[in-house]
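Take a look at the letters that make up each chain.
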4 protein chains.
Amino acid sequence: MTRPDGTSLWGGRFSSEPDPVILAFTGSLPFDSRLARHDLIASLAHVRMLLDTGVLARAHAEPLLDGLGELLGEIETGTLTVEGPDEDVHTWIERTLQERIGSAAGRLHTARSRNDQVSIALRLFTRESIAALCVLLTDLLEAWLAEAERHVETWMPGYTHLQRAQPISLAHHLLAHFWALAADADRLQTAYERAGVSPLGAGALAGSLLPIDPRRSAALLGLDRIYPNSLLAVADRDFVADAAFACAMLMIHLSRWAEEIVLWSALEFGFVRLSDRISQGSSLMPQKKNPEAAELVRGKAGRVIGDLAGLLAMLKGLPFAYNSDLQEDKEALFDALDTAAGSIRVVTSISQGLTYDVARLERSLVAGFVTATDLADLLVQGGTPFREAHRMAGVAVREAESRGCELWELDAGTLAGLAPAIGGETLQAVRPEAAAAARTSEGAPAPERVRDQLADAAALLQHLRDWAEDLRPPPIYQAYRENRLAAAEIK
Amino acid sequence: MTRPDGTSLWGGRFSSEPDPVILAFTGSLPFDSRLARHDLIASLAHVRMLLDTGVLARAHAEPLLDGLGELLGEIETGTLTVEGPDEDVHTWIERTLQERIGSAAGRLHTARSRNDQVSIALRLFTRESIAALCVLLTDLLEAWLAEAERHVETWMPGYTHLQRAQPISLAHHLLAHFWALAADADRLQTAYERAGVSPLGAGALAGSLLPIDPRRSAALLGLDRIYPNSLLAVADRDFVADAAFACAMLMIHLSRWAEEIVLWSALEFGFVRLSDRISQGSSLMPQKKNPEAAELVRGKAGRVIGDLAGLLAMLKGLPFAYNSDLQEDKEALFDALDTAAGSIRVVTSISQGLTYDVARLERSLVAGFVTATDLADLLVQGGTPFREAHRMAGVAVREAESRGCELWELDAGTLAGLAPAIGGETLQAVRPEAAAAARTSEGAPAPERVRDQLADAAALLQHLRDWAEDLRPPPIYQAYRENRLAAAEIK
Amino acid sequence: MTRPDGTSLWGGRFSSEPDPVILAFTGSLPFDSRLARHDLIASLAHVRMLLDTGVLARAHAEPLLDGLGELLGEIETGTLTVEGPDEDVHTWIERTLQERIGSAAGRLHTARSRNDQVSIALRLFTRESIAALCVLLTDLLEAWLAEAERHVETWMPGYTHLQRAQPISLAHHLLAHFWALAADADRLQTAYERAGVSPLGAGALAGSLLPIDPRRSAALLGLDRIYPNSLLAVADRDFVADAAFACAMLMIHLSRWAEEIVLWSALEFGFVRLSDRISQGSSLMPQKKNPEAAELVRGKAGRVIGDLAGLLAMLKGLPFAYNSDLQEDKEALFDALDTAAGSIRVVTSISQGLTYDVARLERSLVAGFVTATDLADLLVQGGTPFREAHRMAGVAVREAESRGCELWELDAGTLAGLAPAIGGETLQAVRPEAAAAARTSEGAPAPERVRDQLADAAALLQHLRDWAEDLRPPPIYQAYRENRLAAAEIK
Amino acid sequence: MTRPDGTSLWGGRFSSEPDPVILAFTGSLPFDSRLARHDLIASLAHVRMLLDTGVLARAHAEPLLDGLGELLGEIETGTLTVEGPDEDVHTWIERTLQERIGSAAGRLHTARSRNDQVSIALRLFTRESIAALCVLLTDLLEAWLAEAERHVETWMPGYTHLQRAQPISLAHHLLAHFWALAADADRLQTAYERAGVSPLGAGALAGSLLPIDPRRSAALLGLDRIYPNSLLAVADRDFVADAAFACAMLMIHLSRWAEEIVLWSALEFGFVRLSDRISQGSSLMPQKKNPEAAELVRGKAGRVIGDLAGLLAMLKGLPFAYNSDLQEDKEALFDALDTAAGSIRVVTSISQGLTYDVARLERSLVAGFVTATDLADLLVQGGTPFREAHRMAGVAVREAESRGCELWELDAGTLAGLAPAIGGETLQAVRPEAAAAARTSEGAPAPERVRDQLADAAALLQHLRDWAEDLRPPPIYQAYRENRLAAAEIK
């Protein structure tokens, strides 16, 4: 962090140059450069508040607003790149501003500290990133929903312990993944809300003796809550942990789906076929079509668990208020958010590039005795206590297994000695499709219930889409776009 | 898992005894025994639903309700202990019930599976535990609030980087911890809500072909939501991860407080004195008074981070629906919840057993130049651009440091050459108490602002207390207490 | 921690009773009771050293040796149980000793502190546990080796990306797991060595001014190294982290094996059949045979990752020397070691209870084009550059796939246009068994190479067995068994 | 991964272009580009082995050797940059080679797969990085050792529970950190050894049917061990976990040192003064000198714990052999190694830029009763049983505390009633310097013992330096440097 003139943001008390090894280590510009936009927007709000409260005279505020707006414009169009010897993006911005508007830039840091400045920039970034994740999620959920609609009567075995368990439909299976991710959308929205507290005005830790108005700068940023306590405002990284946790859960859900893609595309299962567009070959083995992207999603779930564990370990035991350990929040958060975004995108691509082998799915219902429970349930309906019915069905399974036939192929005579309550008629009722269709309780796989699920899922998806569309850019950003940064009214 | 008669819940198909090594490994009774109450309550709701829907005739349902109620009563009074050779608490309950009411017990498992049964019991447990954590939290928050009320004008240095930074009040500092934990209460309440979805009726994974009513059993348990999808219902452990994450965050916040207690009780700081009741001695060094409990809280934050990381690693990559890996959810969750509860309790005890050394706190304001920022701010008010003001204040600090005096003790003459804008008058205005009291923006340490904070904190606390008091036991449990399990109406 | 007489190990300076909430939280007796034996052995060594150096007169040392030996005997036979109000096992031992031999027990703590005492007990425990793990490992490795010996010519597909890749033998596959666990044995032995440093004599942190001989107590405990620095001796928990890491790696390796068991016992693979002894049924689905124990091993790998992550998070940032956070080392370590031991045992049981379906394994070689690489390699031998050969083999695969035949069933005529270098003769040479047998480089699946592997594996196993058998109990323990604790010579 | 000609390394079987979303996600070139050198060196060894075994004719091998050598030269001098559309560095190398030498490049991949190729490159990288870490460590250890040598008789309090405990010397304290890091050097060396197993020749998983010699390529790379089993060779990432664990432990040790720097540079402790070169100021508070680099080291320990936890979670439950999840090994490993290297460097810089305030350290011995244990020990020497001596010393502490004096300032008359065994003479012997100097057991703080430690530390450091200096570049690299890649002899 050296300015061209050899000074720094905090050089007044210092009499020698910093050690370059230390500088290289403590500098964050290589990664916090992506906060440039968010810092500029927050700085605009800050200056505008200083103007509105009279802390800065209009003559002093306007050059700052103009200069910051200019930088923001160049950053957004890509004509200005964030790089240099500066210790962080905040220093880079102040230095660049100074190069543009001269020493007037020195008024920018009035009544704030990097402590509240870093926090607000990261909060704005987090909210923006979460909103973008939610939009990606809607695309994925929509793809799954569309696929599910096509497979309400595509029958297949549901699994527990990776053993065929009971007949369900493919739609039902896909919807299970749908709802798992819907919970992530909810978790992300909660994290979005929790990040929406403005720390601007907390300064280094104790607010300011200048007559600032923290609610005004918050409102300019579209936030309706401010910090309750200036000390906590700069010490708090809960919003980072909340976001990282939401990403970790999302990745876990994607990893469960990915595991199934890996399994289902194995020759042994053969439930899905990956198109050439979404599978990889081998540099050595010419016959291979590998589900590499799905494997990588699964692997990256581990990565995000690591991001979260590292973040929490970093936060543990830090005394109040700000400590430099907190600088380690950014790379872990970025990595979690980026990995989540990339993974959703890739899962959407895979989902669109695979074909379900419906015949193979349905054929898988035949072996495995997946209706043994239904047999027991039918006996219960006939009056047998469940535990006894379960035992009898177990005996029938053993018998069918030893004969290499299906349950409904057992002859009643044989059964008479073993499990007299099981008549030939009962056996006929346990063909898989019939059994699945008979499960008509709420949330169960019968087609009419799955259609209810599809409707609920569509409603939830619409709700999520509405939420994302209702998000508005901060008023100060709107004013910037409309070139009215110093205008009388910003609301 | 062997019944006295040598059979098991799933023995029908099996022809040889299980390997005892495997049994010892897969058995969960030693830890899931604490779910006995919750399983019994859920079982009561299940049977009552079966009765209400006509799946079970009254003659079959009543002995089950009576038997389960009897077991619940004996568990609650401690006259019955959960132990035995059974593989889990659910098996233990069914076996014990069978010993009481005979083969009629065999109807209990009608239309359910251990998959939905385990999930509902763990959800009820989680909600109960979270509610209890919140009650413990209110006690702690109340203690901190009361202490803060006594120290609105106890001045002390606020720290960043463990360096004295700016003057604040002890009340302000304590309230920072208050709000950190208030966020945990919110996170816990969210986890409570998320756990409140009934999986009962999902069976093994595909619901039931019997005419069950999952909304009825949910309502009997006081839950207004049921699973949207039977497959996910038994595969989902988000509620466990949510609760563990909330505990981890809580522990992190407690660890930050604990770190300060360790620091502040060190002779070098001397900000707090621990009473004999809450400190430990040394087996070797007779002079020691150690803040062991606070250290242990700090250490246990690591433990709960581990619980969470382990849980997430376990969940990663599991295909749908239930897999036995999920059995590993319980011990990690129990550990996280127990550790959080114990830690809150102990932090409350420590808080009540320590004395702040007010004189020492205030004396700490003298060295450290904690009002250098105020000096800069005053120069800003006098028209100097901030960056220049900051530099001048830095020069003043260097001068004062080299002379071994406070800022306000510098003579104006000396400064004239260095930083002419700093007059003697300005210097007089940067005595710490005055400077702290002048920080009157919202959330800042000025006494009137801290009193606002105290009022907000009291309101939040009352809100939390109201929330906890409004929680009602499940209707089926109420019916059990009133001996009306089989009565016409349960609402 | 209260003695019957109301005092404690460190009560001299304290004027009031400890808070029971604090006591319950800081007390470790419920879990460190399992260190009783190790503490007693270390205490015997300590007293004997005090006797040998003259710090304690024989008249004072002998009652201590006798008393400690008596307690050790009763603990080992189970006639004495470690329980009581004491804060930890060390306090319990001193109190119990005092009840037996009166105030003479007060000399036991001469020249030591709980800091070095806890560390040595935990080190002895860790070494004993690791040695036991290694013995369990030999059993498992032996089982795998024996199985591998039976399957040198049982052919099967090797997998990458869960896609059939190249033909190998089952022996080769089993040996891959063998060598993975052999690395764990090595890691465990390293952890064993690293734990073998005696901290006894470091006291609280600064040694003692009494003329003690730390090398003597170390030698009595069978350790040939002592701490280089008394401060580190009590602050160091590397040996705990080393052991936990070794357990985590072991669990990861077992989880990879377990994943395969889950896959292979799925109907779709059908490579193994689990005997009834080692599989579990379903409480609901009568037809299920679930590989629950294998799933649980997989899940428990997550748990041990959590133990390790929690431990490391706890250790991070602790200043020297001892802090109570370190008390959190024990439960995580115990859990990691116990989980590893239980998992090895259960994997051994599963291994002994499963049957490989040799026909199914071999049948799996037919589909999947697992010899496409061999085709390419054969072209390379015929002079085609590899990259071109790879492309041609790819074309052949595509052709065979579209015709639904095996590579060797393609007719040469068809190929002539596509890949002229592939003659009919070449195609005949890529039948799987032939291809696997032709891979004769070191470490490859050709039978003669696998037999080399088997020999190397047997040698390694013997080496591990020898290592375990060469471990000797500490000399002081030997003296205790021979009733010669106070005899002239212990060597 | 597209070549200019639109094909890829594995395109033969594929009929459509890959999805760019998938490509961006699965591509590793942005991070594995740093393996270019290691891959080239391994490729040289591979080709040379193919030549030596006759698999490649000299006419085919020489252009490959020349081409690879040329690329290596340009990479090393920085005239060639690794970037492009390729999916990974291995593909980039083959494509670039092809651009140089044409289709002859197609012979490079003979008898290998990316599976063994990735593993060997990463192993070479890991070893090189670990060796570099060890060299950095020697610099740091040397700095600490030199500092310690200056402070053998600089007295200070040793701490437990952050409470002053017993008198030690600063040298003793610094050496505690020395030995902690010496253990890391040992752990790193073990990881170096474990990484030194060549997987080259394992191919995709099953070796090769060409007459390769894996021991030859290993020897050319300076490795004396090869994989025992081709399947494990490509599935194994233990060496990554070993290295990451070694880094995590190192970071934990550095974080403990860093925590002390943060504490000791706080005004309250004031044990060290940071030079301007190694401290940071505040953008707001002109008086601040913050130990930011030390804080960041502490925070980064959390990060590396996360790297490790993420890696282990990724590895868990992967079936054999290679899966794409393993691609996630690199970034975590790179991050752990880079963070460790940067942290060691910065800790060295800090260590060289701080000054110990010897007077302040020694003054800290006065308050805190740090010789209470010595008092007890002296009573033991006078014949009092330890437990009684401990109690009496406790009483003396309480008395001195209430009088606000030091132990040795208590008058004997007062004590007579409380603890008659404590005579005035005894009290005089517990002045801190005397007490510290009297602790002459091995590893204790008496100057002569510390000088022994210094000698041992110097020897260990020399040993580490020798180890690092003895490391030789791989023979094939040596041949490359000497322009003898195709010469008759490489040994």
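These figures come from a predicted structure and were not determined experimentally.

Trainee: Would you take a moment to explain the relation of the copies chain C and chain D for this structure?
Mentor: In this structure, two copies of a chain are linked by a rotation about an axis accompanied by a shift along it. When chain C is fitted to chain D, the best match, at an RMSD of 0.0 Å, comes from turning it 180 degrees and sliding it 0.0 Å along the axis. The two molecules are tied by a two-fold rotation axis, judged by turn and shift. Judged by C-alpha distance, alanine 309 of chain C is the residue of chain C that lies nearest the rotation axis, at 3.1 Å. When the interface residues of chain C are mapped onto chain D, 100% of them again fall at the interface, so both copies present the same face.

Trainee: What is the right way to look at the packing of helix α10 (residues 238–265) of chain C against helix α10 (residues 238–265) of chain D in this model?
Mentor: The packing of two helices is summarised by the inter-axis angle and the distance between the axes. For the pair α10 of chain C and α10 of chain D, the least separation of the axes is 12 Å and the interaxial angle reads 155 degrees. Judged on the interaxial angle alone, α10 of chain D and α10 of chain C are roughly antiparallel. When you trace α10 of chain C past α10 of chain D, the crossing you get is right-handed. Contact residues: Asp238, Ala241, Asp242, Phe245, Met249 and His253 of chain C in α10 of chain C; Asp238, Ala241, Asp242, Phe245, Met249 and His253 of chain D in α10 of chain D. Taken together, the residues that form the contact of α10 of chain C with α10 of chain D break down as six nonpolar, two polar and four charged.

Trainee: Is there a simple way to think about the nonpolar core in this case?
Mentor: Within soluble globular proteins, side chains that are nonpolar generally end up buried alongside one another. Judged by nonpolar contacts, the single largest core of 716 residues is most densely connected at Leu407 of chain B together with Leu407 of chain C. Setting aside residues no more than four positions away along its own chain, leucine 407 of chain C makes contact with Phe369, Thr371, Ala372, Leu375, Ala396, Val397, Ala400, Leu427 and Val430 of chain C.

Trainee: Can you help me understand the packing of aromatic side chains in this one?
Mentor: Within this structure, the stated rule accounts for 40 aromatic pairs over all chains. On the basis of an interplanar angle of 55 degrees and a centroid distance of 6.5 Å, the ring pair of tyrosine 159 of chain B and phenylalanine 271 of chain B is categorised as tilted. With tyrosine 159 of chain B in strand β1 (residues 155–160) and phenylalanine 271 of chain B in the loop between α10 (238–265) and β5 (272–274), this pair connects stretches of sequence that are 112 residues apart. Tyrosine 159 of chain B sits in the buried class, given a relative accessible area of 4%. For phenylalanine 271 of chain B, a relative accessible area of 0% corresponds to the buried category. Measuring from centroid to centroid gives 6.0 Å for tyrosine 159 of chain C and phenylalanine 269 of chain C, while their planes differ by 50 degrees, and the two rings are tilted.

Trainee: Help me understand the interface of chain C and chain D in this model?
Mentor: A common way to express how large an interface is: the accessible area buried when the components associate. Counting residues at the interface gives 110 residues for chain C, matched by 110 residues for chain D. At the surface where chain C touches chain D, the tally comes to ten salt bridges. Between aspartate 186 of chain C and arginine 194 of chain D there is a salt bridge, with the nearest N and O atoms lying 3.2 Å from each other. Summed over the shared surface of chain C and chain D, the number is 50 residue pairs in polar contact (both at pLDDT 80 or more). Here the side of chain C that touches chain D gets 13 residues from one element, more than from any other, and that element is α10 of chain C. The class makeup of the residues in the side of chain C that touches chain D is 54 nonpolar, 33 polar and 23 charged.

Trainee: Help me understand the pattern of salt bridges in this model?
Mentor: Once their charged atoms are close, side chains differing in charge can pair, the charge on each being opposite to the other. Going through the model one piece at a time under the given rule, you end up with 164 salt bridges over all chains. The closest approach of N and O atoms between lysine 300 of chain D and glutamate 328 of chain A, which form a salt bridge, is 2.7 Å. Here the residue lysine 300 of chain D occupies a position in helix α11 (residues 292–315), and glutamate 328 of chain A occupies one in the loop between α11 (292–315) and α12 (329–353), the pair thus bridging two chains. Exposure remark for lysine 300 of chain D: the relative accessible area of 10% places this residue in the buried category.

Trainee: Quick question: what am I supposed to make of the interface of chain A and chain B here?
Mentor: Contact residues are listed per partner, giving 110 residues for chain A and 110 residues for chain B. When chain A packs against chain B, close to 9000 Å² is buried across both sides, 58% of that on carbon and sulfur atoms. When the buried surface of chain A facing chain B is broken down by residue, Leu209, Arg256 and Arg387 of chain A rank first, second and third, together holding 9% of it. Here chain A is connected to chain B by ten salt bridges. The interface formed by chain A and chain B contains 50 residue pairs in polar contact (both at pLDDT 80 or more). Sort the elements by how many residues they give to the side of chain A that touches chain B and helix α10 (residues 238–265) of chain A lands first, with 13 residues.

Trainee: What's the story with the relation of the copies chain A and chain B in this structure? I'm lost.
Mentor: Each copy superposes on the other: chain A lies on chain B with an RMSD of 0.0 Å after a rotation of 180 degrees and an axial shift of 0.0 Å. Comparing interface residues between copies, 100% of those in chain A also sit at the interface in chain B, which points to an isologous, same-surface contact.

Trainee: Looking at this structure, how should I read the domain arrangement of chain A?
Mentor: If you check the domain split of chain A, you get domain 1 (11–110), domain 2 (115–364 + 457–470) and domain 3 (372–430). If you average the C-alpha positions of domain 1 of chain A and of domain 3 of chain A, the two centres end up 77 Å apart.

Trainee: Any chance you could explain the side chain of threonine 384 of chain C here in plain terms?
Mentor: Within the fold, threonine 384 of chain C resides in the loop between α14 (372–381) and α15 (386–403). Residues contacting threonine 384 of chain C, with those up to four places away along its chain left out, are Leu379, Ala389, Met392 and Ala421 of chain C together with Arg107 of chain D.

Trainee: Just checking my understanding: could you explain helix α19 (residues 447–470) of chain C for this structure?
Mentor: Note on helix geometry: an α-helix contains 3.6 residues per turn, so any two residues three or four positions apart are oriented the same way. Between its first and last C-alpha atoms α19 of chain C spans 34 Å; for 24 residues at 1.5 Å apiece the expected length is 34 Å, and the two agree. In this structure, the buried residues of α19 of chain C make contact with α6 (114–150), β1 (155–160), β2 (163–169), α7 (170–195) and α18 (432–437) of chain C.

Trainee: In this structure, what is going on with the environment of glutamate 193 of chain A? I would like to understand it.
Mentor: All names here are of chain A. Relative to the helices and strands, glutamate 193 resides in helix α7 (residues 170–195). Looking at glutamate 193, the relative accessible area reads 43%, which means it is partly exposed. Linking glutamate 193 and arginine 127, residues 66 residues apart in sequence, is a C-alpha distance of 8.2 Å.

Trainee: Which parts of the structure should I look at to understand unusual backbone geometry?
Mentor: Note that the residue after phenylalanine 320 of chain A, namely alanine 321 of chain A, is joined by a cis bond; omega there is -5 degrees. The phi angle at leucine 162 of chain C is positive, at roughly 60 degrees, despite the residue not being glycine. With a relative accessible area of 4%, leucine 162 of chain C lands in the buried category. Backbone geometry places alanine 111 of chain D, a non-glycine residue, at a positive phi of 60 degrees. Topologically, alanine 111 of chain D is positioned in the loop between α5 (89–101) and α6 (114–150).

Cut-offs used in this document
Residues numbered from 1 in each chain as written. Chains lettered and ligands numbered in written order. Predicted model: local features only at pLDDT ≥ 70, side-chain atom pairs only at ≥ 80, totals over all residues. Heavy atoms only, no water. Least-squares fit on C-alpha atoms with pLDDT ≥ 70 in both. Contact = heavy atoms within 4.5 Å. Axes fitted to C-alpha atoms, helices over the stretch in contact; angles between N-to-C directions. Helix = DSSP H or I, 4+ residues; strand = E, 2+ residues; numbered from the N terminus. Parallel < 35°, antiparallel > 145°, perpendicular 65-115°, else oblique. Left-handed = near helix turned anticlockwise from the far one by under 90°. Nonpolar A, V, L, I, M, F, W, Y, C, P; charged D, E, K, R; others polar. Core = buried A, V, L, I, M, F, W, Y, C linked by side-chain atoms within 4.5 Å. Buried < 20%, exposed > 50% of the residue type's maximum accessible area, 1.4 Å probe, protein only. Phe/Tyr/Trp six-rings, centres within 6.5 Å; stacked < 30°, edge-to-face > 60°. Salt bridge = Lys/Arg side-chain N within 4 Å of Asp/Glu carboxyl O. Polar contact = N/O pair within 3.5 Å; in protein donor to acceptor, adjacent residues only side chain to side chain. Buried area = accessible area lost by both parts, 1.4 Å probe. Domains from an automatic or database assignment. Expected span 1.5 Å × (residues − 1).

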